[in-house]
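Now for the letters of each chain:
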Amino acid sequence: MKRRILFVCLGNICRSPAAEGILRDMAAREGRAAEFDIDSAGTYAGHAGELPDSRMREAAFARGYRLTHRSRPVCEDDFERFDMIVAMDDNNYHNLFRLAPSLQAREKIFRMAEFFTSAGDRSYVPDPYYEGRAGFEVVLDLLEDACAEILRRTRCGEL
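A short tour of the structure in this document, coming up. Note that the structure is a prediction, hence the values are computed from the model and not measured.

Membership of the largest hydrophobic core comes to 36 residues, with the highest contact counts inside it found for Phe7, Met112 and Leu143. Elements with a minimum of two residues in this core: strand 1 (3-9), helix 1 (15-29), strand 2 (36-42), helix 2 (54-62), strand 3 (84-87) and helix 6 (133-155). With nine residues, the single largest contributor to this core is helix 6. Leave out the neighbours within four places in its chain, and Met112 touches Phe7, Ala19, Val86, Ala87, Met88, Val125, Leu143, Ala146, Cys147 and Ile150. Counting 13 residues, the second-largest nonpolar core is a separate cluster that includes Val8, Ala41, Phe79 and Ala105.

Moving on, we get to the packing of helix 2 against helix 6. At their nearest, the axes of helix 2 and helix 6 sit 10 Å apart, and the two run at 60° to each other. The angle between the axes of helix 2 and helix 6 places the two elements in the oblique class. For the crossing formed where helix 2 meets helix 6, the hand is right-handed. Touching Arg55, Met56, Glu58, Ala59 and Ala60 of helix 2 are Arg133, Phe136, Glu137, Val139 and Leu140, all from helix 6. Among the residues forming the contact of helix 2 with helix 6, the class breakdown is six nonpolar, no polar and four charged.

Before going further, it helps to spend a moment on the sheet that holds strand 4 (residues 109-111). Strand order in the open sheet made by the four strands is 2-1-3-4, with parallel pairing throughout. Two strands lie at the open edges of the sheet, namely strand 2 and strand 4, each paired on one side alone. The sheet shows a mean angle of 25° between the axes of neighbouring strands, taken without regard to direction. Across the sheet, helix 1 is in contact with strand 1 and strand 2; its angle to strand 2 comes to roughly 170°.

A word on unusual backbone geometry. The residue Asn12 is not glycine, and still its phi comes out positive at about 60°. You can see Asn12 is positioned in the loop between strand 1 and helix 1.

Right, let's talk about the packing of aromatic side chains for a bit. With the rule as written, the count across this model stands at three aromatic pairs. For the pair Tyr93 and Phe97, a centre-to-centre distance of 5.1 Å together with 40° between the ring planes defines the contact as tilted. Here Tyr93 pairs with Phe97, and both are found in helix 4 (residues 90-99), just four residues apart, close to one helical turn. The ring of Tyr93 carries the charged tip of Arg111 above its face, separated from the ring centre by 3.5 Å.

Attention now moves to the pattern of salt bridges. Across all of its chains, the model carries 21 salt bridges by this definition. A salt bridge links Glu20 to Arg24; its shortest N-O distance comes to 3.1 Å. Taken together, the residues span about one helical turn, with Glu20 and Arg24 both in helix 1 at a distance of four residues. What makes Arg24 partly exposed here is its relative accessible area of 40%. Among the salt bridges present, the one from Arg81 reaches Asp37, with a minimum N-O distance of 3.1 Å. In this pair, Arg81 sits in helix 3 (residues 78-81) while Asp37 sits in strand 2, placing the two residues 44 residues apart along the sequence. A network of salt bridges, in which partner residues are shared, links Asp37, Asp39, Arg72, Asp78 and Arg81.

So, how was this worked out
- Residues numbered from 1 in each chain as written.
- Predicted model: local features only at pLDDT ≥ 70, side-chain atom pairs only at ≥ 80, totals over all residues.
- Heavy atoms only, no water.
- Core = buried A, V, L, I, M, F, W, Y, C linked by side-chain atoms within 4.5 Å.
- Buried < 20%, exposed > 50% of the residue type's maximum accessible area, 1.4 Å probe, protein only.
- Helix = DSSP H or I, 4+ residues; strand = E, 2+ residues; numbered from the N terminus.
- Contact = heavy atoms within 4.5 Å.
- Axes fitted to C-alpha atoms, helices over the stretch in contact; angles between N-to-C directions.
- Parallel < 35°, antiparallel > 145°, perpendicular 65-115°, else oblique.
- Left-handed = near helix turned anticlockwise from the far one by under 90°.
- Nonpolar A, V, L, I, M, F, W, Y, C, P; charged D, E, K, R; others polar.
- Pairing = 2+ DSSP bridges.
- Phe/Tyr/Trp six-rings, centres within 6.5 Å; stacked < 30°, edge-to-face > 60°.
- Lys NZ or Arg CZ within 6 Å of the ring centre and 35° of its normal.
- Salt bridge = Lys/Arg side-chain N within 4 Å of Asp/Glu carboxyl O.

Below you can see the structure in the form of structure tokens.
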């Protein structure tokens, strides 16, 4: 059975498309790409149709990831289509709760921080949009850590 995972941030141009690209690449390297349906979306529709932020694409490319996703807003159908909806921070988490059409749909919502294994005391993935290059690197570090843990948990049947 395929695991259907949707990553969500505010504009769907930095964190969530990076998480999508990272998990997709990690699953492919493990020979598990066919086990997943991975996508990303935003709680804000103002960037709909845009590629990820060029700074995120550059930072991700330097690590071997190609980010080609086009931004889109979260829609009600996502709560039916996906098994897991993973929010990058508390604002997105709470927005997803408000958008969820049912209590059952709310049970699919997770915080990305739930999958951190080496993030210290971080409780969310910070938005790098207004940060310099270092902000994008921190986000990629956090996403690589969390995506590796998601893969591990799915491999072990914990998710």
